[in-house]
Structure formats: C-alpha cells, structure tokens
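# An overview of the molecular structure
Below, each chain spelled out in residue letters.
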Amino acid sequence: MTNLKENGIFLQKKQYFKNLLPDSIRFPLLIGLFSRGLIAFVMLGVAPLLAAPSGGIKAEFGWKVFSAWDSNFYQQIATTGYEILPNNQPGANVAFFPLYPLLIRLLMGLGVSTEVAGTLINHLAFFVTLIVLYDWTRQHHGEKAAKWATIVLAGCPLSLFGSVVYSEGIFLLFSTLALRSFDNQRFWFSAVWGSLTTAARITGLALIPAFLLTAFVRKYPLKAYFASFLSGIGVGLYGLYCWLQFRDPMAFITVQHTQWERSRGFDWVGWGRMIVEIVAGGANWNHGGIKDPTHPIIFGVICLIGYALWHFRAKLSKEKLDYGFFTLFFILWLLVGDPLLNTLSIVGGMYLLWHLRRELSLVAVSYGFCALGLLLASGGTSSLNRYVYGIISLSLALGVFLSRHRRWGYAMIGFFVILLVSFAIRFAQHLWVA
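Residues numbered from 1 in each chain as written. Predicted model: local features only at pLDDT ≥ 70, side-chain atom pairs only at ≥ 80, totals over all residues. Heavy atoms only, no water.

## Structural notes on the overall build of the protein
This is how it is decided: Helix and strand definitions here come from DSSP, where helices need a minimum of 4 consecutive H or I residues and strands a minimum of 2 consecutive E residues; each element is numbered from the N-terminal end. When we talk radius of gyration, it's over C-alpha atoms, and the globule rule is simply 2.2 Å times the number of residues to the 0.38. Buried means the residue's accessible area, taken with a 1.4 Å probe over protein chains only, is under 20% of the maximum for its type, while exposed means over 50%, and partly exposed covers the values in between. Residues count as neighbours in contact if any of their non-hydrogen atoms are within 4.5 Å of one another.
Looking only at helices and strands, one finds 21 helices and two strands in the protein. For the protein, the C-alpha radius of gyration of 23 Å lies close to 22 Å, the compact-globule estimate for 434 residues. Reported as C-alpha extents along the three principal axes, the dimensions of the protein are approximately 70 × 70 × 55 Å. Taken across its 434 residues, the protein has 48% of its residues classed as buried. Restricting the contact set of the protein to residue pairs at least 6 apart, pairs at least 24 apart contribute 72%.

## What about the layout of surface pockets?
Just so we agree on the cut-off: Put simply, the grid is 1 Å and covers the protein atoms alone, a cavity is a trapped set of points that fit a 1.4 Å probe, a pocket is an open set with protein on both sides within 12 Å along at least five of seven lines, and lining residues have an atom within 4 Å of a point. Grid points are joined across faces, edges and corners, and a volume is the space filled by probe spheres set on the points.
Estimated volume of the largest pocket: approximately 1,600 Å³. In terms of lining, the largest pocket is formed by 41 residues, of which the most central are Phe-329, Leu-344, Ser-345, Gly-348 and Met-412. Ranked by residues supplied to the lining of the largest pocket, first place goes to helix H17 (residues 338-355) with 10 residues. Counted as a void, the second largest pocket has a volume near 820 Å³.

## Some points on the nonpolar core
Rules: Grouping buried Ala, Val, Leu, Ile, Met, Phe, Trp, Tyr and Cys residues that are joined through side-chain atoms within 4.5 Å yields what is termed a nonpolar core.
In terms of nonpolar packing, the biggest core is built from 116 residues, with Met-43, Val-94, Leu-160, Tyr-367 and Phe-427 touching the most fellow members. If near-sequence neighbours (up to four positions away) are discounted, Phe-427 is found in contact with Met-43, Val-65, Phe-66, Ser-67, Ala-68, Trp-69, Ser-71, Leu-160, Phe-161, Val-164, Tyr-166 and Val-433.

## Some details on the pattern of salt bridges
How we decide: Salt-bridge detection follows one rule: a side-chain nitrogen of Lys or Arg within 4 Å of a carboxyl oxygen of Asp or Glu.
By the definition in use, this model includes 10 salt bridges. Notably, a salt bridge pairs Glu-168 with Arg-201, separated by 3.1 Å at the nearest N-O pair. Note that Glu-168 is positioned in helix H7 (residues 168-183) and Arg-201 in the loop between helix H8 (187-198) and helix H9 (207-217), a separation of 33 residues in sequence. Here Arg-201 falls in the buried class, since its relative accessible area comes to 7%. Across the salt bridge formed by Glu-319 and Arg-407, the nearest N and O atoms sit 3.2 Å from each other. Of this pair, Glu-319 sits in helix H16 (residues 318-336) while Arg-407 sits in helix H21 (residues 406-428), and the two are 88 residues apart along the sequence. What makes Glu-319 partly exposed here is its relative accessible area of 45%. Salt bridges sharing partners connect three or more residues here, namely Asp-70, Glu-168, Arg-201 and Arg-386.

## Thoughts on the packing of aromatic side chains
Rule in force here: The rule is short: rings of Phe, Tyr and Trp, with Trp giving its six-membered ring, pair when the centres are within 6.5 Å, and they are stacked under 30 degrees, edge-to-face over 60, tilted in between. Think of it as a cone above the ring: NZ of Lys or CZ of Arg counts as a charge over the ring if it is within 6 Å of the ring centre and within 35 degrees of the ring normal.
A full pass over the atoms with the stated rule returns 30 aromatic pairs. Ring centres of Phe-73 and Phe-96 lie 5.0 Å apart, and the angle between their planes is 15°; on these two criteria the pair is classed as stacked. In this pair, Phe-73 is assigned in helix H3 (residues 71-80) and Phe-96 in the loop between strand E2 (89-90) and helix H4 (99-108), connecting sequence segments 23 residues apart. Taking the centre distance of 5.7 Å and the plane angle of 45° together, the rings of Trp-148 and Tyr-410 count as tilted. Taken together, the residues span a long stretch of sequence, with Trp-148 in helix H6 (residues 143-155) and Tyr-410 in helix H21 at a distance of 262 residues. On the basis of relative accessible area, Trp-148 is assigned to the buried category, the value being 7%. Look at Tyr-410 and you get exposed, because its relative accessible area is 54%. Looking at Arg-386, its charged tip hangs above the ring of Phe-161, at a distance of 5.2 Å from the centre.

## Some details on a nonpolar patch on the surface
Selection criterion: Residues with no salt bridge and a relative accessible area higher than 30% make up the patches, which join like charges within 9 Å and nonpolar side chains (Val, Leu, Ile, Met, Phe, Trp, Tyr) within 5 Å. Here the open area of atoms and residues is found with the Shrake-Rupley method and a 1.4 Å probe, where only the protein chains shown may cover a residue.
There is a patch of nonpolar side chains on the surface, built from Trp-188, Leu-222, Phe-226, Leu-230, Ile-233, Leu-237, Leu-240, Trp-243 and Leu-244 and spanning about 930 Å² of accessible area. Taken together, the elements giving at least two residues each to the nonpolar patch come down to helix H10 (222-230) and helix H11 (233-246). The leading source of residues in the nonpolar patch is H11, at five residues. With respect to the helices and strands, Phe-226 occurs in helix H10.

## Observations concerning the environment of Ile-253
For Ile-253, the position within the fold is in helix H12 (residues 251-258). When its relative accessible area of 29% is taken as the criterion, Ile-253 is described as partly exposed. Linking Ile-253 and Ile-202, residues 51 residues apart in sequence, is a C-alpha distance of 9.1 Å.

## As for the packing of helix H5 (residues 114-141) against H7
Defined as follows: Note on geometry: axes are C-alpha line fits, over the in-contact stretch for helices, and angles between N-to-C directions span 0 to 180 degrees. Oblique is the label for every angle not falling under 35 degrees (roughly parallel), over 145 degrees (roughly antiparallel), or within 65 to 115 degrees (roughly perpendicular). In this scheme, a crossing is called left-handed if the near helix is turned counterclockwise away from the far one by less than a right angle; it is called right-handed if the turn is clockwise. Residues are grouped as follows: nonpolar covers Ala, Val, Leu, Ile, Met, Phe, Trp, Tyr, Cys and Pro; charged covers Asp, Glu, Lys and Arg; every other residue, Gly included, is treated as polar.
Where H5 contacts H7, the axes come no closer than 8 Å and their chain directions differ by 25°. One finds that H5 runs roughly parallel with respect to H7. Considering the relative orientation of H5 and H7, their crossing is left-handed. Contacts from Ile-121, Asn-122, Ala-125, Phe-126, Val-128, Thr-129, Val-132, Leu-133, Asp-135, Trp-136 and His-140 in H5 reach Glu-168, Gly-169, Ile-170, Leu-172, Leu-173, Thr-176, Leu-177, Leu-179, Arg-180 and Asp-183 in H7. Broken down by class, the residue content of the contact of H5 with H7 amounts to 12 nonpolar, five polar and four charged.

## Concerning empty space enclosed by the protein
All chains considered together, the criterion is met by one cavity of 30 Å³ or more. By volume, the largest cavity is sized at about 50 Å³. If you go around the largest cavity, the residues you meet are Phe-171, Arg-201, Thr-203, Ala-371, Leu-375, Tyr-387, Gly-390 and Ile-391.

## Here we look at H6
The condition is simple: Between the first and last residue of a helix there are one fewer steps than residues, each counted as 1.5 Å, and that sum is the expected span.
In this model, H6 (13 residues) spans 18 Å end to end at C-alpha, consistent with the 18 Å of a helix rising 1.5 Å per residue. For H6, the set of buried residues is Ala-145, Ala-146, Trp-148, Ala-149, Thr-150, Val-152, Leu-153, Ala-154 and Gly-155. Looking at the buried positions of H6, the neighbouring elements they touch are helix H2 (23-46), H5, H7, helix H19 (384-389), helix H20 (392-402) and H21.

## Some remarks on the packing of H9 against H10
Across the interface, H9 lies against H10 with an axial gap of 8 Å and an inter-helix angle of 170°. The orientation of H9 with respect to H10, classified from their angle, is roughly antiparallel. Of H10, the residues touching H9 (which contributes Ile-208, Phe-211, Leu-212, Ala-215 and Phe-216) are Ala-224, Tyr-225, Ser-228 and Phe-229. Of the residues belonging to the contact of H9 with H10, the class tally is eight nonpolar, one polar and no charged.

Right, dumping it as structure tokens:
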C-alpha cells in the first residue's frame, strides 16, 4: 500500500510539472539546455585547461571566453558607436547592423559588461527561437518532425554562435517569428518581426521577395503586400542613418568591398578555390599545380567506393549502405575540412528545399532559396556555413527529412557533437571557426 501511495504521489507530481511546462516548451528547453550546457562546459571547463595553440590564445575562465572575432565589432558599436574614418568615410564596423549592439547598449544600462550583455541576449533569443521553431514545425509536420528540427537547430555545430557575442540568436528569432506570422496570415505581425530582422542583418532582406512571392501565389489580400515591403523598414532606417552620417545610404555594403575586400557579385575565385581544395587539396591550390598527389588519389578512391556502394545498393542491406556512406563522408571531412562543409551547406540546403518543396510551406521554401541566392551573390565565401545556418528554413527542412530517416539523424547528431566541441574549444582559444 505504501508503494502504491508513493507511486501515486510521484505520478501526480510528474503530471503537475507536465502541466506547468507543456511539451511545446519543455522539449525545446531541454534540448537547448543540453546543447548550451555542453558549450559552456567545454568553453569554461575544458578550454582553460589546454595550452595556448599556435595562432591562438590560452582560454581563461570568465565571460570573455564568449567574445572573439566579430564580437569585438558588436561591442565596439555598443560602447562607442560606428567608426568614422578621415574624410567622413565609414569604418569596418559599419558592415554590422545596429539592432544587436543597441540591445547590448540597453542592457549595459543595468551595469553589466558588454560580454555579459551580449551573451545573455544571444542565449535568450536562441532559446525562444527553439520554442517558436518547435511550435511552427509541429503545426505543419507533426511532433516528430518538430523534435528533429529543434535538435538540428540546437545541435548544429554552428549553433555555437547562438551562445557567444554574435547576432545569430536575434536574427534567427525575428526571422522565424516573421515567417511563422506570414505563414499564419498574421501579416502586420510579420511586418513588425520582419523589420526587426532586417535591422539585425542584411540577409533579412530575403524575407521581402519570399513574402511577395507567397502573397502572389496564394492570392493573399493587399495588406500582405504592404506587410512585405514594411519588413524592410529595419534596413531602410539603417540606410537613412548611413546617408545622414556618410552621405552613402549603402555604406554597409560599400565597406564590404573597401574594408573587407569582398568581390562584387558571385565570388568565382572563392568558389573555384573551395572546389579545387575538395578535389585536389589546399596545398595543391596554393602551389598552382599537383605538388602532392596524395589528396587527389584519396579523393578519387572515396569517389570510386561511393560509386560502387550506389551501383550495388540492391545487393546490400540498408544498414550496410548507410554505414558505408557515413564512413566515406567522415573520411572525406577529415581529408577536406571546412571547404567541404561550406560547399555542402549551400548545395545540400538547395537540395533539401527542392526535395521537400511540396511539403514545406511556400513562404519557408521561398525564403530559403532567396536567402541562399543572396549569400551566393554576396561576393564572398568566408563564414558561408555560419550564414547558411542562420536560414531557419534549412533547419526546418532537415528536421522533416531526418524524422523519416532516423538512422541518418543519429549519425548526423553524433557528427554534430564532435564538431560542436571542437568549435567551442577553437572559439575560446580565438582560433577561426566560421
């Protein structure tokens, strides 16, 4: 009787906590806490124990471990404003949009440092994004797909940038809210969230053609078109500031070419280099010819084995076929590294959107393609995989795909964890990540 009574009390308490936090909130929070906890443990507990690497620094326990690379620009804007060079020319930090530094500045008013303010804002926005994505995906694709989409967004190694002093969190949050609102025909809400998105990052402009295309195809009322254009208020206001300050309303693009040395239009050289590095290796690219034949030989062997697996797939079990392709991909990643991930993020993203185009909402597919097109036309390949991660449509699409191919999902999450730990250590040591 005592055991039955204790079990009854336990079940009542369990049900109470279930009612206190519904699954639509509980699951994203748990996944978020696990992934953010792993990052915090690695950056604060593991990285400080390691010696300083070549080209990096020795990580130290504290909030500053979350600040490196572009973090410095956001903190500079939050504390002293945008840089003005001689002859009233825009400085390099003008390339960074104002919403995130403004939020940091507001939180600094409570007496916290820029590192603390930036880290807390990014974390909070990222957690809310997980909840919004889960709810939006479950609405259209069911609970299983919602869970996988949440796992993808939280577990992706690039989710590191949802925990450091970067604008990934707020961009993901406002773009997801804008897309979900438009998808649910809450057009004025989509305009508000869209304007905040375009105030956070230039790639938010992809929302406008995505909204317009969806409104045209779905025959939405006139207010949907107004909401589409109103989504550009954020970048419009920043352009107005640039015009008043620098007499150049496109100064945030100008500095990309003058200060950051990005090319104009499609970066043929950058993409050519990545493809050559995948096939022949970086050493051979730098040499301008085949100096070391090892890389192209290994790449050729991987391609031959991959072709053989596909050709004889009917004679192999699905488990063996999947294991074979997993192994080949892992070896290829060890061989190539970042160029493979950069290229795969674009090519794989396009394939996913096209493959699931009839199942995903039109606005999600349109935004995905428009955002990828904007990145391809941005004139550079640096940080490409991080920008691709910021396209929420791809996490949604990958979640839907993996919900039907769970073996691929488990393998991918294992790979993600390895990379996430590596990225966290590298960022803490001020080594380049993305």
